[in-house]
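Structural features, examined
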Amino acid sequence: MAAYQTKRHRLGRTGERIISKLLNCKRTSHKAPFDIVDFQARIAYEVKTMSGLSRDLKIHISDKSMTNKLKFARDYGLEMVLIAVVVYSPKKAKVYQSKLSQSIRINQMEELS
């Protein structure tokens, strides 16, 4: 179980690195409400990374996490954006975006690449 969690964490941090480079923004600390925050553009990004081999490509954010995100965004006047990185192989990934939603399927999001 621990090896599975480590692999998931590594996959998630990889997606965050990809997006932070594309946006030219720094990632936040591990326990921050959002993965990337651009205070100049007033946008908070939540990055979700998943394997393209998954049976069901959907994202769900827990009630507590969503509450924390909404409070943080309201306190700082930020727009919230959800970014999904779907990794199909080490050399192939697709990126999707939408407004932050507690539960959404990848096919409901706008494909960026």
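Check the entry above for the structure.
About the criteria used
Every chain is numbered on its own, with residues counted from 1 as its sequence reads. pLDDT decides what is reported in this predicted model: residues at 70 or higher carry local features, side-chain atom pairs at 80 or more are listed and counted, and totals for whole chains, interfaces and linings draw on all residues regardless. To obtain the side-chain values, all non-hydrogen atoms of the structure were included, while hydrogens and water were left out. Stacked, tilted and edge-to-face are the three classes applied to pairs of Phe, Tyr and Trp rings, where Trp contributes its six-membered ring and a pair requires centres within 6.5 Å; stacked means planes under 30 degrees apart, edge-to-face means over 60, and tilted covers the rest. Helical segments are the DSSP runs of H or I of at least four residues, strand segments are the runs of E of at least two, and each set is numbered from the N terminus. Per-residue accessibility, obtained with a 1.4 Å probe over protein chains only, is compared with the maximum for each type, and a residue is labelled buried under 20%, exposed over 50%, and partly exposed between these values. Take a side-chain nitrogen of Lys or Arg and a carboxyl oxygen of Asp or Glu: if they are within 4 Å of each other, that pair is a salt bridge. At least two DSSP bridges between two strands are required for those strands to pair.

Below, the discussion takes up the packing of aromatic side chains. Two aromatic rings, taken as a pair, are described by how far apart their centres are and by the angle between their planes. As enumerated under the stated definition, the model contains three aromatic pairs in all. Considering the side-chain rings of phenylalanine 34 and phenylalanine 72, the 6.0 Å spacing of their centres and the 50° angle between planes classify their relative orientation as tilted. Of the two residues, phenylalanine 34 sits in the loop between helix 1 (2-23) and strand 1 (36-38) while phenylalanine 72 sits in helix 2 (residues 63-76), which places them 38 residues apart along the sequence. We note that phenylalanine 34, like phenylalanine 72, is buried.

Applying the stated rule across the entire model yields six salt bridges. Here aspartate 56 ties to lysine 58 by a salt bridge, and the two come within 3.5 Å at their closest N and O atoms. Accessibility expressed as a relative area gives 37% for aspartate 56, which makes it partly exposed. A salt bridge links glutamate 111 to lysine 94; the shortest N-O distance between them is 4.0 Å. Here glutamate 111 is found in strand 7 (residues 110-111), whereas its partner lysine 94 is found in strand 5 (residues 92-99), with 17 residues between them in sequence.

Next up on the list: unusual backbone geometry. Although it is not a glycine, asparagine 24 sits at a positive phi angle of roughly 60°. Within the secondary structure, asparagine 24 sits in the loop between helix 1 and strand 1. For asparagine 24, a relative accessible area of 70% gives the class exposed. Here arginine 42, not a glycine, exhibits a phi torsion of approximately 60°, which is positive. Structurally, arginine 42 can be placed in the loop between strand 1 and strand 2 (43-51). Assessed through its relative accessible area of 41%, arginine 42 is described here as partly exposed.

So, on to the sheet that holds strand 5. Here five strands make up an open sheet; going across it, the order is 1-2-4-5-7 and the pairing mixed. In the strand order of this sheet, the two ends are held by strand 1 and strand 7, each with one partner. Looking at chain direction, strand 4 (residues 79-89) and strand 5 are connected through eight bridges and run antiparallel. Of the residues in strand 5, the one forming a bridge with valine 86 is lysine 94.

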